[in-house]
Amino acid sequence: MFIYTHLRLLIDRAQVPWVRMSAEAADREAVSGSRPSTPPQTSWFEFLLEPSLLEQHLHKNNPDPSPVQLVIQFLEQASKPSVNEQNQVQPPVDNRRNRTLKLLALKVAAHLRWDLDVLEKGLTIPVLNMLLNELLCVSKVPPGVKHVDLDLSTLPPTTAMAVLIYNRWAIRTIVLSSFPEKQAKPGPHQLNMMNLVQQEKELTENILSVLKEQATDSIMVLEGALNIKKDFYIHTLRTLDLLAADPSTANGETESSTAGLRISADELHCQVHYDLGGIYFQQGGSDTSVYEKAQEHFRKTRELLGKLSSDPLHCHLDEKRLCGYWSACRALTGASDSSETQLTPYSLINSFIKTQNYQGLIDAFIKDNVTLNLPNTFRHSIQLELLHRVQQGDRALEEVCHMLCVCNAVRDALEGRVLSVRFQQLLLKPTKKTISFLLEVCTKSLDKEQTPEIFKRKMALFLKNLCERLEEVPLAYMVSSHKLFMDLLMDEEKKSLLDQMRKRSATVNLSAKPLPSFYDIPSSASVNIGQHEQQLILSLDARQIRQILIELHGMAERSFWRVNSKWEVPSDYVNKILAIKDDLTRDLVYILMAKGLHCVNIKDFVRGRQLFSACLELVTEFSPKLRQVMLNEILLVEIRAHESGAAEGNTERPPPDLVSRVRGYLEMRIRDIPLRQVVGEECVAFMLNWRENDYLTLQVPSSLVNSNPYIKLGQLLAATCKELPGPKESRRTAKELWEVVVQICSVSSQHKRSSEGRVSLIKQRETSLSILPRSKFVTFVKKIREPLVLTTLISLFVRLHSIVRDDIVNEVMAEHLSIWPSSLTNIQCVDVEAVAVTMKELVNFALTLNPNSQSWLITQADIYFVTNQYSAAMHYYLQAGTVCSDYFTKPVPPDVYTDQVLKRMIKCCSLLNCHTQVAVLCQFLREVDYMTAFKALQEQNSHDSMDSFYDYIWDVTILEYLTHIHHKRGEIEKRQVAIKAIGQTELNSSNPEEVLQLAAQKRKKLFLQALAKLYF
């Protein structure tokens, strides 16, 4: 769609009221907040009633409202949506009132001579976009044609100028949007406007995205304008009045198109070159050739700018920004400027860096400390650039970085800024050479005759603070004896500072060794502790962790188990561990356990077991309870390690010792042992996965079954799976499992009497009667890998879903549905959504374990079918057929593609408007459904390949009907395709039954493979 029409539609559809103050609000503000002597603000409708009032208002010294405010008010009123008789919001009406308001907005912009600088500052992007689109409309820009396809030289001058103004704004907006902008925080009075602000933000982003997509076209339009050497004309208030009086006069070289404000070709080209240079510079990135294009445009801008008058009509440039662009382009391209006899300070710095003249660079920085020409940010950016090179391996620049750091520190001191951290670090271990260079820079940075006294005073304070900070007395004496120090500091300051230095010198001489309080806690002590703590965080070796902790406790008497906030120990264990009296042992146990748990979480089971074993060895000496905790965690590590291997394809059964220890954990009756539920959960899942059903059903003590919900659930699952092959009357445990799961998916309810006397039912999230919350139940189930257990659970939830949904036509199918009850007594308490969500989660999880289970695939397809996701349903129906027929090279078993499955596939295709596929699938049924097939073939709005599927039809009756219906519609080509299909010898009804069956099987295979390509 044409970009400019598209942008207009964006605004019309969004219908965002402008965030700026509306006209009515401005009126109220003017009335309520004005003084008696202030004249009332002119309202927007007054200009509508009296057209001549606008020009008088705009020529006032300080018109209120201002021109840009008037544009906002006019366009706001013109774009207000209307409401029809049904109270529905409609787009703004295109009537005389709204057209006049838009024309008034254009007149205001014409009064401003279409100065984009003024318009961009006062108007938001959506408002300015609407204004310029109106300019395109009134200028009769040919609709439906991209601007890049227009020949500007053949258009009327004002029409061509409207195109140029729009495209100039487009690229300028892209450039401006790339600048960082601080977001204003809304105050309390603005909170009710947040929604409008968000709408305007979204609209702005939409407009920007379209402008960026069309940026190349806008650049081509503007570059094409540079080839036009004749003068241009822009609309004025008079030409807009002429257009309003006779709109048809805008297409030719008439008064309305040439009587506007004349803009010379040089002036327009100057402005266009500047805008093009800006967009190319913004697009530069790491491509030097783009910066070269930008530089060329800026060069031509500078040339043309010299030819223009001091007050051009249309060309408005930021000459300082132009100089900045020019210098930046020269630095990025490395080009020299023959027109400049003397380099600018920026160019000089860049030339020093390019030629690696670092002494010249340092001299320039020292000189700039006197002239203060270079911004502080620029100086520090140069230092950071060289520092980055040092970090990349160029060690030769390290000394240069130190010297630049000193130069910048002196500049910061002269300007009263905070000294940089890097300079502070440099003073921690200064050398005599560093101090000597620092004093040299300080001396050269002051011009005794011209430097203001305030700068001299700041330099004196800098030298005084330097003396106080230097710990080496000889270096401090080096500063205090320097001529600059003696000249700048007052006598009292010098005397006081020298007295301090003598005391420090005497302390050093009187003591062969520094005082213990100073010696024992040096500035590097915290560094040593920090280094040890870093090693402690990184280490996964139990011996090394113990050694680091011993050293840390020798340095500082405090706990170190809080060093890393990521170290987490289960809340069940925290109190027991923190109750250990010895600080070192407490830290060691806590950290070893936290690291062990971390290793298990990232599946580094070997290291996890090593850390827990070390912890076990440590706690065995003093705490039997913590010993059992560690044994439980080691058991959990080994279970997860074995299960992880099984998930990756290892079918080896677990060793008997591991099974025995799992049983021991489940039967453990030691009091006051903190137990994590996850361990019991993993143990039960482990037993189910390895089919230890006899143990779970016969040998688990009844006390454990009643106290541990996971053991109870595991026992019921194991017993139900054992009974599956048996007679129906023996499935007592299936009913128990059913009741437990129903409770898990139930919500407790209570009755509440309203003020009107009615009794309403309030449902809470989950009932407290269930053995487990639903979330924990799902987490437990996702630890099970045994197919029979998962099939049993899926079957249960499918049956429960069918009962609570109560939709016989759209039931989900699964295996073993007959073992479950067919009704519920308390159906109103079951959370239907919870049942549906859990069923979907179970099937999705099961398919991640075995994506080739035809039963699970059919169930998944049915789930998508009953939720109206027909394309996904077809995907899984076809996948179920694929896995059991070797990609349809063999016949699909009839127990997979039952008539019910086939009818659902037919319905899916029908609702997807794939009617030819419906007709083909009708042949797959045990009894061909001619009625459905004929009805489908009557549909003319089919979204499939229609006659390309005729080769897959083997039923002669359907082919004859196709021939008839195409003949009736006059579709000769499709009729010929049907005749060709019916004429194949293998479909002759006189053929033996075996031949006809082979023909049908061949077409079934090819058709299903074709469908698979469509839906996979």
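Everything discussed here concerns the structure shown above.
Residues numbered from 1 in each chain as written. Predicted model: local features only at pLDDT ≥ 70, side-chain atom pairs only at ≥ 80, totals over all residues. Heavy atoms only, no water.

> How should I be thinking about the nonpolar core in this particular structure?
Where a protein is soluble and globular, its nonpolar side chains tend to be buried together. Within the largest apolar cluster, 126 residues are counted, with the highest numbers of intra-cluster contacts made by Phe-780 and Tyr-897. For this core, the element with the highest residue contribution is helix α41 (residues 787–805), accounting for ten residues. The contact partners of Tyr-897, leaving out residues within four places of it in the chain, are Tyr-877, Leu-878, Gly-881, Phe-888, Val-892, Leu-902, Met-905 and Leu-1008. Judged by nonpolar contacts, the second largest core, of 79 residues, contains Val-127, Met-161, Leu-243 and Ile-263. (Core = buried A, V, L, I, M, F, W, Y, C linked by side-chain atoms within 4.5 Å. Buried < 20%, exposed > 50% of the residue type's maximum accessible area, 1.4 Å probe, protein only. Helix = DSSP H or I, 4+ residues; strand = E, 2+ residues; numbered from the N terminus. Contact = heavy atoms within 4.5 Å.)

> It is not clear to me how the packing of aromatic side chains should be interpreted in this structure. Could you clarify?
How two aromatic rings sit relative to each other is set out by the distance from centre to centre and by the angle between their planes. Scanning all chains against the criterion turns up 21 aromatic pairs. Ring centres 6.1 Å apart and planes at 50° place the aromatic pair Tyr-887 and Phe-888 in the tilted group. On the accessibility criterion, Phe-888 (1% relative accessible area) is buried. One aromatic cluster in this structure is built from Tyr-274, Phe-281, Tyr-291, Phe-298 and Tyr-325. For Lys-1004, the ring lying beneath its charged end belongs to Phe-924, and the centroid distance is 5.4 Å. (Phe/Tyr/Trp six-rings, centres within 6.5 Å; stacked < 30°, edge-to-face > 60°. Lys NZ or Arg CZ within 6 Å of the ring centre and 35° of its normal.)

> Got a minute to help me understand the pattern of salt bridges in this structure?
In a structure, side chains of opposite charge can pair up when their charged atoms sit close to one another. With the rule as written, the count across this model stands at 39 salt bridges. Between Arg-395 and Glu-398 there is a salt bridge; the shortest N-O distance is 3.0 Å. Residues Glu-786 and Arg-691 are paired through a salt bridge, measuring 3.2 Å at the closest nitrogen-oxygen approach. Of this pair, Glu-786 sits in the loop between α40 (774–781) and α41 while Arg-691 sits in the loop between α35 (677–689) and α36 (693–699), and the two are 95 residues apart along the sequence. According to the relative accessible area criterion, Glu-786 is buried, its value standing at 10%. Taking relative accessible area as the criterion, Arg-691 reaches 54% and is therefore assigned exposed. It is possible to trace a salt-bridge network through shared partners that takes in Asp-117, Glu-120, Arg-168, Arg-172 and Asp-275. (Salt bridge = Lys/Arg side-chain N within 4 Å of Asp/Glu carboxyl O.)

> Is there a simple way to think about helix α42 (residues 832–849) in this case?
For an α-helix the count is 3.6 residues per turn, leaving residues at separations of three or four pointing the same way. Compared with the 26 Å implied by 1.5 Å per residue over 18 residues, the 26 Å span of α42 between its first and last C-alpha is a close match. Looking at α42, one finds that the buried residues are Ala-834, Val-835, Ala-836, Thr-838, Met-839, Leu-842, Val-843, Phe-845, Ala-846 and Leu-847. In this structure, the buried side of α42 is in contact with α40, α41, α43 (854–866) and α44 (870–883). N-cap assignment for α42: the residue whose side-chain oxygen lies 3.2 Å from the backbone N of Glu-833 is Asp-831. (Expected span 1.5 Å × (residues − 1). Polar contact = N/O pair within 3.5 Å; in protein donor to acceptor, adjacent residues only side chain to side chain.)

> Would you explain the packing of helix α15 (residues 288–307) against helix α16 (residues 319–333) in this entry?
Helix-helix packing is described using two parameters, namely the angle between the two axes and the distance between the axes. Contact geometry for α15 and α16: axes closest at 9 Å, N-to-C directions at 140°. As summarised for this structure, α15 and α16 are arranged oblique, according to the angle between their axes. Crossing geometry of α15 relative to α16 is assigned as left-handed. Packed against α15, whose contacting residues are Thr-288, Tyr-291, Glu-292, Ala-294, Gln-295, Phe-298, Arg-299, Thr-301, Arg-302 and Leu-305, the element α16 presents Glu-319, Leu-322, Tyr-325, Trp-326, Cys-329, Arg-330, Leu-332 and Thr-333 at the interface. (Axes fitted to C-alpha atoms, helices over the stretch in contact; angles between N-to-C directions. Parallel < 35°, antiparallel > 145°, perpendicular 65-115°, else oblique. Left-handed = near helix turned anticlockwise from the far one by under 90°.)

> Quick question: what am I supposed to make of the packing of helix α22 (residues 432–444) against helix α24 (residues 473–480) here?
Two elements in contact, α22 and α24, have axes whose closest approach is 10 Å; the angle formed by their N-to-C orientations is 15°. When the axes of α22 and α24 are compared, the pair comes out roughly parallel. Note on packing geometry: the crossing formed by α22 with α24 is right-handed. For the pair formed by α22 and α24, the contact residues are Lys-432, Ile-435, Ser-436 and Leu-439 on the first element and Leu-475, Met-478 and Val-479 on the second. Its residues assigned to classes, the contact of α22 with α24 shows five nonpolar, one polar and one charged. (Nonpolar A, V, L, I, M, F, W, Y, C, P; charged D, E, K, R; others polar.)

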